[in-house]
Amino acid sequence: MAGPELGLLFQRHFLAARRLRGMPWAELEQQLTAAPQRSQSSLLLDILHQTVLHPLCVRFPPPASYRRRFLTELIKQHESTAADPLDELYDALAPILNEEESTRCYKSYILPSGEAVTLSESVAIISQGTTGLITWDAALHLAEWAMENPKVFTNRTVLELGSGVGFTGLVICKTCNPKTYVFSDCHHGVLKQLTENIRLNGFTLEPETTNPAQGQEAEGQEYQQPKLLVAELDWGSVTEQQLLALHADVVIAAETDDKSATFKTLMISNRNLSILMRDNIESSCFLEFAHHRIIENSASSKISSWKFLISQLEVFILPPSGEHLIFYILQLAFCSVPNKY
């Protein structure tokens, strides 16, 4: 891996505040060992400018504690070489040492196109009584699948259940050209943060957008398409009138375990799905979630007039536990079939 490529790899990990131990430290050590002294300094400076001094980090910084740990490790890598001292590393660390911790931070996810999705998220896993104020891995993998299958969403009306802080939807809106995208959640704090993140990424919400803060202008670039809506939607208690007003062609959700309320209520509520899709036989529903036992349970579900098509995406092994998370796409397509399905 060449030096510039290594810097970009560090950049993607750092701006999204991914685990430090998942960064390519071993590759960096190998390159520093093989490089002449002058090149060692250049390599470290390139990584510094691709991460802590990157314009996205300056404007939308990851947690202060994260930046401190990262710079400490980068300095340790530098001190293991025979290169001259790099004042830039210590100058970058100095102001962060006295920076107060915040309950919120920014994370910027670099897409394959080079464009970024920047989110304001909670530092804590549980905040305001919900886990919906951070981006979970299931959302990352569903977004990745969407970018590989843009035709599923192109020129269609997409409803996302449990949008959280908005990562999956923002990726789809930036890369898949949907006609309309409806973000939804049932927690007021999540809806507020979701709305802010949509504007943060240059999108404008429709005037009829649900609370809070209707009709404000997006920051930065404004996108004319797709039409974006934020809806307060509790899938377990939503009314028929609410569902019909959405006119959804595609329904998506991303979950990480079988305790998720969204997944459970979706599986048992064929009434809601029938209302959404009864007038559109081309409608489809995609879900991504973890743990094989869910698939076994859902595959045996008796839902009349609906056929489940299950396809495995990838098997992920999460260090250090070695836990296997098997992600699937569940496609729900309307078809005239006996009730045995």
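Since we're looking at a predicted model, the values are computed, not measured.

K.L.:
Quick question: what am I supposed to make of the overall build of the chain here?
P.N.:
The number of helices and strands found in the chain is 13 helices and 10 strands. Burial status across the chain gives 51% buried among its 341 residues. Accessible surface for the chain amounts to roughly 16500 Å². Of this, 51% is attributable to carbon and sulfur atoms.

K.L.:
How do you make sense of the environment of A124 when you look at a structure like this?
P.N.:
Tracing the chain through its elements places A124 in the loop between β2 (116-122) and α7 (137-148). Sequence separation between A124 and R104 is 20 residues; the distance between their C-alpha atoms is 8.2 Å.

K.L.:
Can you help me understand the pattern of salt bridges in this one?
P.N.:
Opposite charge on two side chains permits them to pair, given that their charged atoms come into close proximity. A full pass over the atoms with the stated rule returns 5 salt bridges. E115 is paired through a salt bridge with K174; the nearest N and O atoms lie 3.6 Å apart. With E115 in the loop between β1 (104-110) and β2 and K174 in helix α8 (residues 167-175), this residue pair connects regions lying 59 residues apart in the sequence. By relative accessible area, which is 17% here, K174 ends up buried.

K.L.:
Is there a simple way to think about helix α9 (residues 188-200) in this case?
P.N.:
Given 3.6 residues per helical turn, the α-helix brings residues three or four places apart onto the same face. Over its 13 residues, α9 extends 18 Å from the first C-alpha to the last, a length consistent with the 18 Å expected when each residue adds 1.5 Å. Summarising burial for α9: 10 of the 13 residues are buried, a large majority. Within α9, burial applies to G189, V190, L191, Q193, L194, T195, N197, I198, R199 and L200. Where α9 terminates, the next one or two residues include G202, which has phi positive at roughly 90°.

K.L.:
I tried to follow the pairing of β1 on my own but got confused; where do I start?
P.N.:
Looking down a regular strand, the side chains alternate between one sheet face and the other. Burial analysis of β1 places 5 of its 7 residues in the buried class, the great majority of the element. Note: β1 against β2, 7 bridges, orientation antiparallel. Looking across to β2, one finds that C105 is bridged to E121. Taken together, β1 and the strand that follows it, β2, pair antiparallel across an intervening segment of 5 residues, in which G114 is found at a positive phi of about 95°.

K.L.:
Whenever I open this one, the pairing of strand β3 (residues 157-160) confuses me. Can you help?
P.N.:
Side chains of β3 alternate between two faces, with T157 and L159 and V158 and E160 buried alike. Pairing between β3 and strand β4 (residues 180-185): 4 bridges, direction parallel. Note on β4: the bridge partner recorded for V158 is Y181. In this fold, β3 hands off to α8, which returns the chain to β4; that crossover is right-handed. Pairing of β3 with strand β7 (residues 250-254), which is carried by 3 bridges, proceeds in the parallel orientation. Directly across from V158, in β7, lies its bridge partner V250.

K.L.:
What exactly am I supposed to notice about the nonpolar core here?
P.N.:
Most often, soluble globular proteins keep nonpolar side chains buried together rather than apart. F153, F167, F183, I198 and I252 are the most contacted members of the largest nonpolar core, which has 35 residues in total. Among the secondary structure elements, those contributing two or more residues to this core are β2, α7, α8, β4, α9, β5 (203-205), β6 (223-232) and β7. No other element matches α7, which puts 6 residues into this core. When neighbours within four sequence positions are excluded, F167 is seen to be in contact with Y109, V117, L119, T135, A139, L140 and A143.

K.L.:
Explain the side chain of E160 to me, please; I cannot follow it from the model alone.
P.N.:
Within the fold, E160 resides in strand β3. No salt bridge is formed by the buried E160; the nearest opposite charge belongs to K174, separated by 14 Å. At 3.2 Å, the side chain of E160 forms a polar contact with the side chain of S163. Beyond its immediate chain neighbours, meaning those up to four positions away, E160 contacts T168, G169, Y181, V182, F183, S184 and I252.

Basis of the calculations
Residues numbered from 1 in each chain as written. Predicted model: local features only at pLDDT ≥ 70, side-chain atom pairs only at ≥ 80, totals over all residues. Heavy atoms only, no water. Helix = DSSP H or I, 4+ residues; strand = E, 2+ residues; numbered from the N terminus. Buried < 20%, exposed > 50% of the residue type's maximum accessible area, 1.4 Å probe, protein only. Areas by Shrake-Rupley, 256 points an atom, 1.4 Å probe, with all protein chains shown as cover. Salt bridge = Lys/Arg side-chain N within 4 Å of Asp/Glu carboxyl O. Expected span 1.5 Å × (residues − 1). Pairing = 2+ DSSP bridges. Right-handed = clockwise from strand over helix to strand, strands pointing away. Core = buried A, V, L, I, M, F, W, Y, C linked by side-chain atoms within 4.5 Å. Contact = heavy atoms within 4.5 Å. Lys, Arg positive; Asp, Glu negative; His and termini not counted. Polar contact = N/O pair within 3.5 Å; in protein donor to acceptor, adjacent residues only side chain to side chain.

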